[in-house]
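Breakdown of the fold
What follows is each chain in one-letter form.
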Amino acid sequence: MELSQIATLRRVLEAFCYHHELTFSDPPAISAARELMRFADEGENDPVILARRLDEVMRASHHRRPPAQRPMPFSSASAPRQ
């Protein structure tokens with residue numbers, strides 16, 4: 001991989017993380033980085049296409065997770081009483 005490709009992947013990942021309020025060490029950001037590297041291995045280097053494909057695959061992977069793995073929304077009605 002060329003240095004320019006790495007810089008492009010980083011910019012796309014930074015934008016993704018900013019948009020989703022993630023840090024690079026968050027599990028979704030790590031998954032996103034892996035997906036971007038896979039896209040680059042497939043020959044994609046256009047940042048607009050990379051960003052679009054990343055959004056699509058990350059959105060699809062979120063909806064495929066079993067319900068037990070999805071974070072439960074906090075609700076005062078379901079909060080344990082003390």
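Residues numbered from 1 in each chain as written. Predicted model: local features only at pLDDT ≥ 70, side-chain atom pairs only at ≥ 80, totals over all residues. Heavy atoms only, no water.

As for the side chain of Glu44
In this fold, Glu44 is placed in the loop between helix 2 (27-41) and helix 3 (47-64). It is Arg53 that comes nearest to the buried, bridge-free Glu44 among opposite-charge side chains, at 4.6 Å. Polar side-chain contacts of Glu44 include one of 3.1 Å to the backbone nitrogen of Asp46. Residues within four places of Glu44 in sequence aside, it is in contact with Phe39, Ile49, Leu50 and Arg53. (Helix = DSSP H or I, 4+ residues; strand = E, 2+ residues; numbered from the N terminus. Buried < 20%, exposed > 50% of the residue type's maximum accessible area, 1.4 Å probe, protein only. Lys, Arg positive; Asp, Glu negative; His and termini not counted. Salt bridge = Lys/Arg side-chain N within 4 Å of Asp/Glu carboxyl O. Polar contact = N/O pair within 3.5 Å; in protein donor to acceptor, adjacent residues only side chain to side chain. Contact = heavy atoms within 4.5 Å.)

A word on the nonpolar core
One broad rule of soluble globular proteins: the nonpolar side chains tend to lie buried together. Judged by nonpolar contacts, the single largest core of 14 residues is most densely connected at Ala32, Leu36, Phe39, Leu50, Leu54 and Met58. Among the elements of the structure, helix 1 (3-19), helix 2 and helix 3 are those that each provide at least two residues to this core. (Core = buried A, V, L, I, M, F, W, Y, C linked by side-chain atoms within 4.5 Å.)

Thoughts on the pattern of salt bridges
What the rule picks out here adds up to four salt bridges. Close ionic contact of Glu14 with Arg10 constitutes a salt bridge, the shortest N to O distance being 2.9 Å. Of the two residues, Glu14 and Arg10 both sit in helix 1, four residues apart, roughly one turn of that helix. On the accessibility criterion, Arg10 (47% relative accessible area) is partly exposed. Among the charged side chains, a salt-bridge network with shared partners connects Glu35, Arg38, Glu42 and Arg53.

Quick look at the environment of Ser31
For Ser31, the position within the fold is in helix 2. Judged by its relative accessible area of 32%, Ser31 is partly exposed. Remark: the alpha-carbon pair of Ser31 and Met58, spanning 27 residues in sequence, is separated by 8.2 Å.

Considerations on unusual backbone geometry
A positive phi angle, close to 55°, is found at Glu21, a residue other than glycine. Relative to the helices and strands, Glu21 resides in the loop between helix 1 and helix 2. We classify Glu21 as exposed; its relative accessible area is 74%.

Comments concerning the confidence of the model for the chain
The predicted model of the chain has a mean per-residue pLDDT of 80, with 74% of residues at 70 or higher. Every residue in residues 63-82 is under pLDDT 50, and counting partners more than four places away or in other chains gives six contacts. (pLDDT = per-residue confidence, 0-100.)

Thoughts on the side chain of Thr8
Following the sequence through the fold, Thr8 ends up in helix 1. Taking the relative accessible area as the measure of exposure, Thr8 reaches 12% and is therefore buried.

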